[in-house]
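Listed below are the residues making up each chain.
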Amino acid sequence: MKGDEREAALRANIEAYGRFDERTYINGAPHLKHPSIGGLYSSLIDAAIESIGVEAKAISVLELGAGNGLASRPWFERGVKLTAVDSSASMLRDLESKAAAYSLTPTIVVADVLDYLAAEDVRFDIVTHVSMLHHVPDYLELLARSVTHVQEKGSLLTFQDPERYDRMRFGHHALDRASYFAWRAAQGNLKRGLRTRWRRLRGVYSPGETVDFDEYHVVRNGVDSAAIKSLLEPAFTKVDVVAYWSTYSRGLQWLGERAGLTSSFGILASGRRPS
């Protein structure tokens, strides 16, 4: 991974979430906005827990890029032993508050996730990344390091990342982009959005532009689920890629689901082999 790209992506994420507004974030986060996607994520969590074969309260979970806990609620509901890692201290304080409503006290670590994985050798029953890989320039390196922190027979779970655009069926990709721009236009600041889009069409990415590095791989070519599966298969007995439709508009989400479109994916790798 190029160090300058990694640092630019980290700075962009800290800046973006430093001015975090929860309502605005949910509006732009399909996995939190649409119950159908949230239900799919919960089902993958249940499958990960079931594959380990012990009660949820005995299971240790490492959530990387945990943010303020909006996506952690299914873990809170199941009462797992959660360790949450994020580069933002303020976001993790919000996560602690949300966990307290469930009478839980997660372990909180303020750190860049790659630094954390390099410095620690503790293992967990489940390692998870939600809406995170597309923020990371070298997500394959992140996943390779994550695998080393999964207990034998444990699971690794990723969710809410965009499929590679050049491997999506043309109609699916076209509708995905059209639905995004329709939603984006309704959010205001259209002039800035058009300038950003023009830069990207020319292949220009500036470390000084938060929007260019906050969603690092979204603005390049999505995330390569096939490469992730190939990376994980030697370490796990089973690797399932789950593709689904994910967009920002409630109406277009409803239509896309019924038309059988796909634009995003999650991966559940279970049955960690002995190292």
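Residues numbered from 1 in each chain as written. Predicted model: local features only at pLDDT ≥ 70, side-chain atom pairs only at ≥ 80, totals over all residues. Heavy atoms only, no water.

Regarding the overall build of the protein
The number of helices and strands found in the protein is 13 helices and seven strands. Split into buried and exposed, the 275 residues of the protein put 48% on the buried side. Contacts in the protein between residues at least 24 apart in sequence constitute 73% of all its contacts with a sequence separation of at least 6. With an accessible surface of roughly 12900 Å², the protein has 52% of that area assigned to carbon and sulfur atoms. (Helix = DSSP H or I, 4+ residues; strand = E, 2+ residues; numbered from the N terminus. Buried < 20%, exposed > 50% of the residue type's maximum accessible area, 1.4 Å probe, protein only. Contact = heavy atoms within 4.5 Å. Areas by Shrake-Rupley, 256 points an atom, 1.4 Å probe, with all protein chains shown as cover.)

What about the nonpolar core?
Counting 28 residues, the largest nonpolar core has Leu-64, Ile-228, Leu-232 and Phe-236 as its most contacted members. Listed by contribution, the elements that provide at least two residues to this core are strand S1 (60-64), helix H7 (113-119), strand S4 (124-130), helix H8 (139-147), strand S5 (150-162), helix H12 (225-232), strand S6 (236-244) and strand S7 (264-272). (Core = buried A, V, L, I, M, F, W, Y, C linked by side-chain atoms within 4.5 Å.)

Looking at the side chain of Thr-128
Tracing the sequence through the fold places Thr-128 in strand S4. At a separation of 3.3 Å, a polar atom in the side chain of Thr-128 contacts the main-chain carbonyl oxygen of Leu-157. In this structure, Thr-128 is in contact with Tyr-41, Val-61, Leu-62, Glu-63, Leu-64, Trp-75 and Leu-157, ignoring residues within four places of it in sequence. (Polar contact = N/O pair within 3.5 Å; in protein donor to acceptor, adjacent residues only side chain to side chain.)

Considering the environment of Tyr-41
Relative to the helices and strands, Tyr-41 is located in helix H4 (residues 35-52). Residues Tyr-41 and His-31, 10 residues apart in the sequence, show an inter-C-alpha distance of 8.0 Å. Not counting residues up to four positions away in its chain, the partners in contact with Tyr-41 are Ala-71, Pro-74, Trp-75, Thr-128, Val-130, Leu-157 and Phe-159. Within polar-contact distance, the side chain of Tyr-41 engages the side chain of Trp-75 at 3.3 Å.

Quick word on a nonpolar patch on the surface
Nonpolar side chains collect at one region of the surface, where Leu-252, Trp-254 and Leu-255 lie side by side and expose about 300 Å² of accessible area between them. With respect to the element layout, Trp-254 can be found in helix H13 (residues 250-258). What makes Trp-254 partly exposed here is its relative accessible area of 48%. (Patch = residues over 30% accessible without salt bridge, like charges linked within 9 Å, V, L, I, M, F, W, Y side chains within 5 Å. Salt bridge = Lys/Arg side-chain N within 4 Å of Asp/Glu carboxyl O.)

A short note on the packing of H8 against H12
Relative orientation and spacing of two packed helices are given, respectively, by the angle between their axes and the distance between those axes. As a packed pair, H8 and H12 sit with axes 10 Å apart at the nearest point and diverge in direction by 25°. As summarised for this structure, H8 and H12 are arranged roughly parallel, according to the angle between their axes. For H8 against H12, the interelement crossing comes out right-handed. Here H8 contributes Tyr-139, Leu-140, Leu-143, Ala-144 and Val-147 to the contact with H12, which in turn contributes Ala-227, Ile-228, Leu-231 and Leu-232. Residues of the contact of H8 with H12, tallied by class, amount to nine nonpolar, no polar and no charged. (Axes fitted to C-alpha atoms, helices over the stretch in contact; angles between N-to-C directions. Parallel < 35°, antiparallel > 145°, perpendicular 65-115°, else oblique. Left-handed = near helix turned anticlockwise from the far one by under 90°. Nonpolar A, V, L, I, M, F, W, Y, C, P; charged D, E, K, R; others polar.)

Side note on the pattern of salt bridges
Pairing is possible between side chains that carry opposite charge, provided their charged atoms lie close to one another. Scanning all chains against the criterion turns up eight salt bridges. Ionic pairing is found between Arg-164 and Asp-224, a salt bridge with its closest N-O pair at 3.9 Å. Taken together, the positions of Arg-164 in the loop between S5 and helix H9 (170-186) and Asp-224 in the loop between helix H11 (210-214) and H12 put the pair 60 residues apart, joining distant regions of the chain. Owing to a relative accessible area of 23%, Arg-164 belongs among the partly exposed residues under this scheme. Among the residues examined, Asp-224 registers a relative accessible area of 9% and is labelled buried.

Digging into the environment of Phe-76
Within the secondary structure, Phe-76 sits in helix H5 (residues 73-78). Distance in space between the C-alpha atoms of Phe-76 and Ala-100 is 9.2 Å, their sequence separation being 24 residues. Discounting residues that sit within four places of it in the chain, Phe-76 has contacts with Gly-69, Leu-82, Leu-95, Lys-98, Ala-99, Tyr-102 and Leu-104.

With respect to the side chain of His-129
As for its placement among the helices and strands, His-129 is situated in strand S4. Among the residues examined, His-129 registers a relative accessible area of 0% and is labelled buried. Discounting chain neighbours no more than four positions away, the residues touching His-129 are Leu-64, Leu-142, Leu-143, Ser-146, Leu-156, Leu-157, Thr-158 and Phe-159.

Treat this as a map of the structure, not an account of what it does.
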